[in-house]
Amino acid sequence: MKMIWFWVFLSLAATSLNLGFAHINGAGEQPLAKINILKTTLTLHTSAAISAQPALLGLKGEDTQWVTVKFTNPNPSLDDWVGVFSPAKFDPENCPPVNDSEEQLPYICSAPIKYKYANESGSGYVNTGRGYLRFQLINQRADFSFALFSGGLSNPKLVAISNFISFANPKAPLYPRLALGKSWNQMTVTWTSGYDIDEAVPFVEWGRMGDLQLRSPAGTLTFKQNSMCGSPARTVGWRDPGFIHTSFLKNLWPNFRYTYRMGHLLLNGSFVWSKTYSFKSSPYPGQDSLQRVIIFGDMGKAERDGSNEYSDYQPGSLNTTDQLIRDLSNIDIVFHIGDLTYSNGYISQWDQFTAQVEPIASTVPYMIASGNHERDWPNSGSFYDTTDSGGECGVPAETMFYYPAENKAKFWYSTDYGLFHFCIADSEHDWREGSEQYRFIEQCLASADRHRQPWLIFAAHRVLGYSSDYWYGQEGSFEEPMGRESLQKLWQKYKVDIAFYGHVHNYERTCPIYQNQCVINERNHYSGVVNGTIHVVVGGGGSHLSKFSEVIPNWNLYRDYDWGFVKLTAFNQSSLLFEYKKSRDGKVYDSFTISRDYRDVLACVTDGCEAKTLAT
């Protein structure tokens, strides 16, 4: 009997540990995954009805609009729900074959893009069977319909289907995303439309504000259902992503304000235009001027209309987004270091994410890194054999956003912005010594010209450095397993100032550290020789929060169980300000400054000395 209880205990402990690591990895069920859509049965009722108004959206060029959905159900219940479907028509012909001849053929084979429970319309719905809901829709290149279901999410019964509604121009060019190109004087513009290259020629019209406008061509990409690695991305989560266009704006003058708009030249000679946007071009590398950088991870997306959301993101994701929008005039570039949408195989969510960040990404470069929820899938080449991407295996992220990597499937790259040199690693591929990525990381760090670009920043999604997250504490080393063993000698050798991570959904800052030891005892100001790297977890962009270990390591200086982001401000080559701000109010809750001269970067430190000779 004692032996039986011993094995039960071990089993429970293992289950607990797995759940814990799942929590670290941002686990939690996508609400769309809760819907057993393939088991939908038809119970259409003549006395049930659902309708949506207005029928035509975007008449003034809007790419988002509120819709009122009214419904009646003669047999109402608490678990009735309304799903939003796009495209509007349910097409059983696209359903996968059924192996069992006695099993019912599916009627609906695509998940809705969002849903709400009918009783959210008011407490009277269950008594009267009447209600209405408000949904905010974005232009997603197809029409929409609304369906009323009974039976809850696990046993959906289709009671009524609404009229179809659509945007006036469903193919319009939308949701521009800026990113730095492969040289400092390039800006890339990526956007989504419904126009393939055999229908229209994509381009960007752009120029210095008030000056002659140029036109630059754009390349066009998309991806297909068979590009997905597994379900739900390959099955019920699939939705056509439209066409993704990228244009390279070259030979920009430093620090100038440019305007741009995306265009499509139709076969009949007419043009379709987007709204007009603007951005400020990058400073020349090494230019001594004010430069402001935002860094965070794991934001996800949220629905302003209150539709069901993965991990119940509100208010974290929207608060982070809205704080950045409010402070946009004081931001020059943004780094979102992995776990972008948490779409988890439901492709419709990518449009909704790009719409959410459009006010930011259309104005300043929006640089991204790869996280487990973008890339990981068994037997797909990812370092981790998990199902966190929902079958996407990196394809949507690699297509929807531009980043200056040599190989889009290998999500590591370097980029420069004025006084900053950034080395962005891909924690979903092997980074250990001897790997291809390790060689890139060393080359990237070594290539920094510290006279012109004194601020050297490393970033990755998973915590390859230090974190006192609860589950890392349980594992024992307060890091991603094998995280810093190979990399810490590179950070020390090349004198990395700050290393940033997401994945763990909280905020934490270490002292300047090398080999688990604080090398400087200061908290708020650092000056002189660069002797150790400051490690920062900034994964509180919006996802559910991760709890800390009860053990507080001696290298921990500040930790916060809340949503937030970091802002770096380089005033010149000798002075840097670090600020951690909460998303709820935008106020600073942790900060420090660095001041130093070029000779301090050159100075010899432990395991960071250049070779010398006794010759004269």
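The shown structure was predicted, so the numbers you read here are calculated from the model rather than taken from an experiment. (Residues numbered from 1 in each chain as written. Predicted model: local features only at pLDDT ≥ 70, side-chain atom pairs only at ≥ 80, totals over all residues. Heavy atoms only, no water.)

Caption draft 1: Region of the structure containing the overall build of the protein chain. Check the secondary structure of the protein chain and you find 10 helices and 34 strands. Here the C-alpha radius of gyration of the protein chain, 26 Å, is about what a compact globule of 616 residues would show, namely 25 Å. By its C-alpha atoms, the protein chain is 95 × 85 × 45 Å across when sized along the principal axes. Burial analysis of the protein chain (616 residues in total) assigns 57% to the buried set. Long-range pairs, those at least 24 residues apart, make up 72% of the contacts in the protein chain with a sequence separation of at least 6. Of the roughly 24800 Å² that the protein chain leaves accessible, carbon and sulfur atoms contribute 52%. Considering the protein chain, the positive charge centre built from 53 side chains and the negative charge centre built from 63 side chains are found 4 Å apart. (Helix = DSSP H or I, 4+ residues; strand = E, 2+ residues; numbered from the N terminus. Rg over C-alpha atoms; globule rule 2.2 N^0.38 Å. Buried < 20%, exposed > 50% of the residue type's maximum accessible area, 1.4 Å probe, protein only. Contact = heavy atoms within 4.5 Å. Areas by Shrake-Rupley, 256 points an atom, 1.4 Å probe, with all protein chains shown as cover. Lys, Arg positive; Asp, Glu negative; His and termini not counted. Charge placed at Lys NZ, Arg CZ, Asp CG, Glu CD.)

Caption draft 2: Expanded view of the pairing of strand E14 (residues 214-221). The pairing of strand E13 (residues 200-208) with E14 spans 4 bridges and is antiparallel. The partner of Val204 across the bridge, within E14, is Ser216. Counting the residues in the hairpin turn of E13 and E14 gives 5 residues, including Gly210, whose phi is positive at 85 degrees. Note that E14 and strand E15 (residues 243-249) share 4 bridges and pair antiparallel. (Pairing = 2+ DSSP bridges.)

Caption draft 3: Looking closely at the state of the cysteines. The final tally for this structure, using the stated rule, is 4 disulfides. Here Cys423 connects covalently by a disulfide to Cys444, the sulfurs 2.1 Å from one another. Looking along the S-S bond of the Cys423-Cys444 disulfide, the torsion reads about -100 degrees, which is the left-handed sense. Residue Cys423 is found in strand E23 (residues 420-424), and its partner Cys444 is found in helix H7 (residues 436-446); the two are separated by 21 residues along the sequence. Residues Cys423 and Cys444 agree in their burial class; the two are buried. (Disulfide = S-S within 2.5 Å.)

Caption draft 4: Summary view of the pairing of strand E11 (residues 174-180). With respect to burial, E11 is a largely interior element, 7 of its 7 residues being buried. Pairing geometry for E11 and strand E12 (residues 187-193), over 5 bridges, is antiparallel. Counted as the bridge partner of Leu178 is Val189 from E12. Linking E11 back to E12 in an antiparallel pair, the connection comprises 6 residues.

Caption draft 5: Focus on the packing of aromatic side chains. Scanning all chains against the criterion turns up 37 aromatic pairs. When the centroid spacing of 6.3 Å and the interplanar angle of 65 degrees are considered together, the rings of Phe144 and Phe167 count as edge-to-face. On the criterion of sequence distance, the pair formed by Phe144 in the loop between strand E7 (130-138) and strand E8 (145-150) and Phe167 in strand E10 (residues 166-167) is long-range, its members being 23 residues apart. Just as Phe144 is buried, Phe167 falls in that class too. Judged by centre distance (5.8 Å) and plane angle (45 degrees), the rings of Trp206 and Tyr258 are tilted. (Phe/Tyr/Trp six-rings, centres within 6.5 Å; stacked < 30°, edge-to-face > 60°.)

Caption draft 6: View of the sheet that holds E7. Strand order in this open sheet of 3 strands is E2-E4-E7, and the pairing throughout is antiparallel. Bordering the open sheet on either side are strand E2 (49-53) and E7, each of which pairs with just one other strand. Strand-to-strand twist of the sheet, defined as the mean angle between neighbouring strand axes without regard to direction, takes the value 20 degrees. Note: E2 against strand E4 (residues 64-72), 5 bridges, orientation antiparallel. Residue pairing for E4: Ser51 is matched across the bridge by Lys70. (Axes fitted to C-alpha atoms, helices over the stretch in contact; angles between N-to-C directions.)

Caption draft 7: Structural detail: the sheet that holds E8. Pairing is mixed across the open sheet formed by 5 strands, whose spatial order is E1-E9-E8-E5-E6. This sheet does not close on itself; its edge strands, each paired only once, are strand E1 (41-42) and strand E6 (114-117). Across 2 bridges, E1 lies against strand E9 (residues 157-161) in parallel orientation. When the sheet's bridge partners are listed, Thr41 is paired in E9 with Lys157.

Caption draft 8: Seen up close, the environment of Phe279. Structurally, Phe279 can be placed in strand E18 (residues 277-280). Residues Phe279 and Tyr384, spaced 105 residues apart in sequence, show a C-alpha to C-alpha distance of 38 Å.

Caption draft 9: Inspection of the side chain of Thr399 at higher detail. One can find Thr399 in helix H6 (residues 395-400). Here Thr399 falls in the buried class, since its relative accessible area comes to 12%. At 2.8 Å, the side chain of Thr399 forms a polar contact with the backbone oxygen of Val395. Those residues within four positions of Thr399 in sequence are excluded, and the remaining contacts are Leu221, Thr222, Phe223 and Ile244. (Polar contact = N/O pair within 3.5 Å; in protein donor to acceptor, adjacent residues only side chain to side chain.)

Caption draft 10: Spotlight on the nonpolar core. By size, the foremost hydrophobic cluster in this structure holds 78 residues, and its most contacted members are Phe335, Tyr366, Phe500, Leu568 and Phe578. Core analysis: the next-biggest nonpolar cluster, separate from the first, contains 26 residues, Cys444, Val463, Leu487 and Tyr501 among them. (Core = buried A, V, L, I, M, F, W, Y, C linked by side-chain atoms within 4.5 Å.)

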